[in-house]
Amino acid sequence: MGFDQAVANRIFLPGTYAEGVPYDLFRELRAEAPVCWVEEPAVGEWPAGPGYWAVLRHGDVKHVLRSPEDFSSHLGATQIRDPDTPADLAFARTMMLNQDPPGHARLRRAVAAAFTPRALHELTVSVERRAAELVEAIRPLGEADFVPVAAELPVWTLALILGVPEQDRQLLVDWSNRVIGYQDPDHARSSTADPSRLTDLGRASLAHRPAVRTAVRPAPGGRPVNPRSRAALADMFAYAHGLAEQPPPGSIVARMRDAGLGPAEFETMFFLFGVAGNETLRNGLPGGLYSLLTHPEQYGRLSREPGLTVPAVEELLRFWPPVVEFRRTAARDVVLAGRPIRRGDKVVVYHASANRDESVFPDPDRLDLTRSPNDHVSFGFGPHFCVGARLARIQMAALIRRVVAGLPGLELASDAPPKRLVSNFQNGLKSLPVRWRQR
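The rules behind these values
Residues numbered from 1 in each chain as written. Predicted model: local features only at pLDDT ≥ 70, side-chain atom pairs only at ≥ 80, totals over all residues. Heavy atoms only, no water. Pairing = 2+ DSSP bridges. Helix = DSSP H or I, 4+ residues; strand = E, 2+ residues; numbered from the N terminus. Contact = heavy atoms within 4.5 Å. Axes fitted to C-alpha atoms, helices over the stretch in contact; angles between N-to-C directions. Phe/Tyr/Trp six-rings, centres within 6.5 Å; stacked < 30°, edge-to-face > 60°. Lys NZ or Arg CZ within 6 Å of the ring centre and 35° of its normal. Core = buried A, V, L, I, M, F, W, Y, C linked by side-chain atoms within 4.5 Å. Buried < 20%, exposed > 50% of the residue type's maximum accessible area, 1.4 Å probe, protein only. Salt bridge = Lys/Arg side-chain N within 4 Å of Asp/Glu carboxyl O. pLDDT = per-residue confidence, 0-100. Polar contact = N/O pair within 3.5 Å; in protein donor to acceptor, adjacent residues only side chain to side chain.

**Some points on the sheet that holds strand S4 (residues 143–145)**
Strand order in the open sheet formed by three strands is S4-S12-S9, and the pairing between neighbours is antiparallel. The open sheet has two edge strands, S4 and strand S9 (411–412), and neither has a second partner. Relative to strand S12 (residues 433–435), S9 runs antiparallel, the two sharing two bridges. Residue pairing in the sheet places Leu412 in a bridge with Val434 of S12. Along the sheet, helix H8 (residues 146–162) contacts S4 and S12; its crossing angle with S4, the most-contacted strand, is approximately 70°.

See below:
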């Protein structure tokens, strides 16, 4: 067939993902150009970028992720879009996600105690109880939109480990919507928290919220503001600093304060937990359930064999990866899959493509809850393997187990496909109507 630049460019466009992850396109590119150049045309009012190398095969993705000496998280940070200013880049570089060893390891140690086996065991009990409460609350209704139901569990869990009071949990939702959903008009300027229900700290933080422009809801003049910039998240950081003044003992915020992080390091660590830790599961849970309901034979087997829940979680993560891609920057001239990559070039690894690589996963487009081995890369690989992966798995298993057991006859409530998030970064749903038999 030959390489078609216009075809490759489609994997960058956010609108492509409004119809679903382009697995057919990934398959074509893996065969024809597994490391290929992708242009960054302007999208709405977002300016064009310089372009990047897309990495699509499983082995190449893992190589990039485990080789920070060649492919840096620090040089240009980890989002396709370049930070707007040198100051924005400098701020982004303070985040653990955007560090290379040894700085990355130092920041990781600051929060690792929250994910020890003992800590996770204690959290598991709480998560299982909360998952049961969520399912019991909707069970008498006979129908619901599963997206907000699923979102409750990661938000509740993150509020617990961060020490965010229950009254302020909705702030976590708004911050996540604005950062992760900035390409989507329904999420870009999310403001769902009711000020009358917030704590004094929560209400005070709202005064710091900037009236920033976004490309999907523009205002006259000027340039859209990067939603991940310090200016765009002034309210979240004001809240974080206020919470750190008297954090609940044992919370991650208390650990971050006591670890001696600098002000920017503290802010970006709060960002990482409050936003990234929320969105992965918030997208993975509805996507996983949708995958099950569109494969009724697999859903039926899980209903009959609840012991399959743990391997089922791994397959659902492979089949519906919450994160589509992550960026690195070439730290020196290298050759990858025969392509010469120059120092400073953007290099973007596509987790979604790697998880369907037919050279690693037999019949990769088939959902198989017993698939083994299952070497998916949905939580990354190498030094940046997700620090909260075990907690995410615990939450996902807990809610799926309760849903399957507690909502008999569960099925999609409409023949229409669910409403998808418009994003080239997160593989998310905005709504998933389901129904079940009332006992």
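**Observations regarding the packing of aromatic side chains**
The final tally for this structure, using the stated rule, is eleven aromatic pairs. Both rings, one in Tyr23 and one in Phe26, keep their centres 6.5 Å apart while their planes meet at 70°; by these two values the pair is edge-to-face. Taken as a pair, Tyr23 and Phe26 lie in helix H3 (residues 23–32) at a separation of three residues, close to a single helical turn. The rings of Tyr23, Phe26 and Tyr350 are connected pair by pair, giving a single aromatic cluster. Cation over ring: Arg318 sits above Phe361, and NZ or CZ is 5.3 Å from the ring centre. When the ring centre of Tyr23 is taken as origin, the NZ or CZ atom of Arg356, which lies over that ring, is 3.7 Å away.

**Quick look at the nonpolar core**
Burial of nonpolar side chains together is a common tendency in soluble globular proteins. Phe146, Ile252, Met256, Met269, Phe270, Leu399 and Leu410 are the most contacted members of the largest nonpolar core, which has 108 residues in total. Looking at this core element by element, the count peaks at 14 residues for helix H13 (residues 263–293). When neighbours within four sequence positions are excluded, Leu410 is seen to be in contact with Leu289, Leu293, Tyr299, Val403, Val434, Arg435 and Trp436. Core analysis: the second largest hydrophobic core is formed by 21 residues, Ile11, Cys36, Ile80 and Ala352 among them.

**Examining the side chain of Lys62**
Structurally, Lys62 is set in helix H4 (residues 58–65). For Lys62, a relative accessible area of 12% gives the class buried. Sequence-distant contacts of Lys62, defined by excluding residues within four places in its chain, comprise Asp375, Val377 and Phe381.

**Looking at the pattern of salt bridges**
Evaluated as defined, the whole model comprises 31 salt bridges. Arg401 is paired through a salt bridge with Glu128; the nearest N and O atoms lie 3.0 Å apart. Of this pair, Arg401 sits in helix H17 (residues 389–406) while Glu128 sits in helix H7 (residues 117–138), placing them 273 residues apart in sequence. Here Arg435 ties to Glu411 by a salt bridge, and the two come within 2.8 Å at their closest N and O atoms. Remark: Glu411 occurs in strand S9 and Arg435 occurs in strand S12; sequence separation between them is 24 residues. Residue Arg435 is classed as partly exposed on the basis of its relative accessible area, which comes to 36%. Salt bridges sharing common partners tie together Asp24, Arg27, Arg356 and Asp365.

**What about the sheet that holds strand S1 (residues 35–40)?**
Here we have five strands laid out as an open sheet, ordered S1-S2-S8-S5-S3, and mixed in their pairing. Either end of the sheet is taken by a strand with one partner, and the two such strands are S1 and strand S3 (71–72). Direction of pairing for strand S5 (residues 325–330) relative to strand S8 (residues 346–350): antiparallel, over a ladder of five bridges. The residue bridging Phe326 from the neighbouring strand is Val349, located in S8. With respect to the sheet, H4 is in contact with S1, strand S2 (49–55), S3, S5 and S8, its orientation differing from that of S8 by roughly 125°.

**Digging into the confidence of the model for the protein chain**
Scored by pLDDT, the protein chain comes out at a mean of 91, with 94% of its residues at no less than 70. In the predicted structure, residues 213–220 sits below a pLDDT of 50 and forms 25 contacts with residues beyond four places in sequence or in another chain.

**Here we look at H4**
The buried fraction of H4 amounts to six of the eight residues, a majority that puts the element mostly inside the structure. Within the sequence span of H4, burial applies to His58, Asp60, Val61, Lys62, Val64 and Leu65.

**Let's talk about unusual backbone geometry**
Cis peptide bonds are those with omega within 30 degrees of zero, and the linkage from Pro101 to Pro102 qualifies with 5°. With respect to the element layout, Pro102 can be found in the loop between helix H5 (86–92) and helix H6 (103–112). A cis geometry characterises the amide bond from Ser372 onward to Pro373, with omega recorded as 0°. Along the chain, Pro373 falls in the loop between helix H16 (351–354) and H17.

**A short note on the pairing of S5**
Counting buried positions along S5 gives six out of six residues, so the element sits mostly inside the fold. Both faces of S5 are covered, namely the face carrying Glu325, Arg327 and Thr329 and the face carrying Phe326, Arg328 and Ala330. Where S3 and S5 come together, two bridges link them in antiparallel fashion. The partner of Phe71 across the bridge, within S5, is Ala330.

**Side note on the environment of Arg401**
Given a relative accessible area of 32%, Arg401 falls into the partly exposed group. Residues Arg401 and Phe3 lie 398 residues apart in sequence; the distance between their C-alpha atoms is 44 Å. Leaving out residues up to four positions away in the same chain, Arg401 has contacts with Glu128 and Thr309. Among the polar contacts made by the side chain of Arg401, one reaches the side chain of Glu128 at a distance of 3.0 Å.

**Here we look at the environment of Thr329**
As for its placement among the helices and strands, Thr329 is situated in strand S5. Along the primary structure Thr329 and Gly380 are separated by 51 residues, whereas in three dimensions their C-alpha atoms are 16 Å apart. Among the polar contacts made by the side chain of Thr329, one reaches the main-chain amide nitrogen of Gly76 at a distance of 3.5 Å.

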